[in-house]
Amino acid sequence: MRDVLDDIAAWYAAGETFGLATVVNTFRSAPRPPGAAMAVSAGGEVAGSVSGGCVEGAVYDLAQEVLASGRPVVQRYGVSDDDAFAVGLTCGGILDVLVEPVGPATFPEFAEVAAAIEAREPVAVATVVAGPGAVGARRVVWADRASGSLAPGEPHAARLDAAVDDDARGMLAQGLTGQRHYGREGERRLDELAVFVHSFAPPPRLLVFGAIDFAAAVARIGKFLGYHVTVCDARPVFATPKRFPDADEVVVKWPHKFLEEAGGGVDGRTAICVLTHDPKFDVPLLEVALRTGAGYVGAMGSRRTHDDRLARLREAGLTEAELSRLRSPIGLDLGARTPEETAVSIAAELVQLRWGGSGRPLTDTSGRIHADAP
């Protein structure tokens, strides 16, 4: 929807109801990913694309029907072996497309969603696309609030909404868009109800400093958790894409210089892992890192290294409040020894801090498993 946001925001502001077609599922080599959107105004104007031209004509016609009926529809498009002349995708892929009427009466939160997207404030839109209940029922989920319901008027609505809120916030934190399945009361072990969660947030950043074996393991698990992973080291012989195939980018630069230049790209969802444990690298780097808005700053090293590092950082002028942000030695106490085990302990700490978990075994706790975000 980002691609068509300017157009549909203008239509919405003018009080128009328009047809919005969104790819909610794909199979095989579909040309556009889930979340790709095409909009059709009441006057027939088109913005965006759901397939790069393969099925836009059919989607346009369906959007006109939806505008006339006021009822959302999910339609599957793809190549048919039985009918070579059927509307299909030349690439052989299959798309499920939700086409819904959007306007001030049908989507009262749209202006807030559009404003959040423009401001880069994370927001997710969860929509029922199959199963019991009303296809097109919608809930908007922010980090700290939610609006609408996926089962309006039903006695089980609160349970379903709460389950989807938890999952939507998890997907939002990772910048993920896709379908989730539930029972009619939010049971995750069932799959009778399909909900499409459209996340509007870039993936969080994981900045890994130090081109060592531990960094390769951290990059791998960071990518698995949905981070955009950057590995940085000043030594070109070690900082190579071949050594870090899971990283989105590998940068050869003095770490503190890179972080200074990253500046505005570091926010509360950014995690910084300093794995160099060499004072000439990590002290100037941590001096910069602890003064950024990063939500997590961790550094590898022994307790003796940590004490020496703190002394050097105090000499550099960091305050006790700034030093208190440092997670060192990095990771949770899992008894980790290998690079892979250490990466798991770091990932566990990242997840714990993201969601406010206790870090204790779940068998020792009670109450809700999924707590609200801190």
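Being a predicted model, the structure only gives us computed values, none of them experimental. (Residues numbered from 1 in each chain as written. Predicted model: local features only at pLDDT ≥ 70, side-chain atom pairs only at ≥ 80, totals over all residues. Heavy atoms only, no water.)

Novice: What exactly am I supposed to notice about the sheet that holds strand β4 (residues 73-78) here?
Specialist: Strand pairing in a sheet takes place through backbone hydrogen bonds and is either antiparallel or parallel in direction. The 5 strands lie next to each other as β3-β2-β1-β5-β4, forming an open sheet whose pairing is antiparallel. Each edge of the sheet is formed by a strand with only one pairing partner; in this case those strands are β3 (46-48) and β4. Each neighbouring strand pair of the sheet contributes to a mean axis angle of 20°, computed without reference to strand direction. Pairing analysis gives 3 bridges linking strand β2 (residues 37-40) to β3, with the strands arranged antiparallel. (Pairing = 2+ DSSP bridges. Helix = DSSP H or I, 4+ residues; strand = E, 2+ residues; numbered from the N terminus. Axes fitted to C-alpha atoms, helices over the stretch in contact; angles between N-to-C directions.)

Novice: When you look at the UniProt feature "domain: XdhC- CoxI" (unreviewed entry) in the chain in this model, what are you seeing that I'm missing?
Specialist: Within this numbering scheme, the UniProt entry marks residues 11-78 and 117-183 as carrying the feature "domain: XdhC- CoxI" (unreviewed entry). Within the segment residues 117-183, helix and strand shares are 30% and 31% respectively, and the terminal C-alpha atoms sit 30 Å apart. (UniProt positions renumbered as here; feature names shortened; annotations may be inferred.)

Novice: Quick question: what am I supposed to make of unusual backbone geometry here?
Specialist: Trans is the common state for peptide bonds, and a negative phi is the common state for residues other than glycine. Geometrically, the link from Ser328 to Pro329 is a cis peptide bond, its omega value of -5° lying close to zero. By secondary structure assignment, the location of Pro329 is in the loop between β16 (326-327) and α10 (339-355). Its identity is not glycine, yet Arg120 carries a phi of approximately 60°, on the positive side. Locating Arg120 in the fold gives a position in the loop between α3 (110-118) and β6 (123-130). Classification of Arg120 by relative accessible area gives exposed; the value is 62%. (Buried < 20%, exposed > 50% of the residue type's maximum accessible area, 1.4 Å probe, protein only.)

Novice: What exactly am I supposed to notice about the sheet that holds strand β8 (residues 146-148) here?
Specialist: Reading across from one edge, β8-β7-β6-β10-β9 is the order of the 5 strands in this open sheet, with antiparallel pairing throughout. At either end of the open sheet lies a strand with only one pairing partner, and these are β8 and β9 (178-182). Going from strand to strand, the sheet's axes swing by 25° on average, the running direction of each strand aside. In this structure, β6 lies alongside strand β7 (residues 138-142), joined through 5 bridges in antiparallel fashion. If you follow Thr127 over to β7, its bridge partner there is Arg138. Docked against the sheet, α3 engages β6, β7 and β10 (193-200), running at close to 130° with respect to β6. (Contact = heavy atoms within 4.5 Å.)

Novice: Please explain the side chain of Glu56 as it appears in this structure.
Specialist: Structurally, Glu56 is set in helix α2 (residues 56-69). A polar contact of 2.7 Å, which involves the side chain of Glu56, links it to the backbone nitrogen of Val50. In this view, Glu56 contacts Met38, Ser49, Val50 and Ser51; residues no more than four positions away in its chain are not counted. (Polar contact = N/O pair within 3.5 Å; in protein donor to acceptor, adjacent residues only side chain to side chain.)

Novice: I tried to follow the environment of Leu5 on my own but got confused; where do I start?
Specialist: Relative to the helices and strands, Leu5 is located in helix α1 (residues 5-13). Along the sequence, Leu5 and Arg360 sit 355 residues apart, while their C-alpha atoms lie 43 Å from each other.

Novice: Any chance you could explain the packing of helix α7 (residues 279-289) against helix α8 (residues 303-315) here in plain terms?
Specialist: How two helices pack is summed up by the angle between their axes together with the distance between the axes. Contact geometry for α7 and α8: axes closest at 10 Å, N-to-C directions at 55°. Judged by the inter-axis angle, α7 sits oblique to α8. Here α7 runs over α8; the crossing is right-handed. For the pair formed by α7 and α8, the contact residues are Pro279, Asp282, Val283, Leu286 and Glu287 on the first element and Asp308, Arg309, Arg312 and Leu313 on the second. The residue makeup of the contact of α7 with α8, split by class, is 4 nonpolar, no polar and 5 charged. (Parallel < 35°, antiparallel > 145°, perpendicular 65-115°, else oblique. Left-handed = near helix turned anticlockwise from the far one by under 90°. Nonpolar A, V, L, I, M, F, W, Y, C, P; charged D, E, K, R; others polar.)

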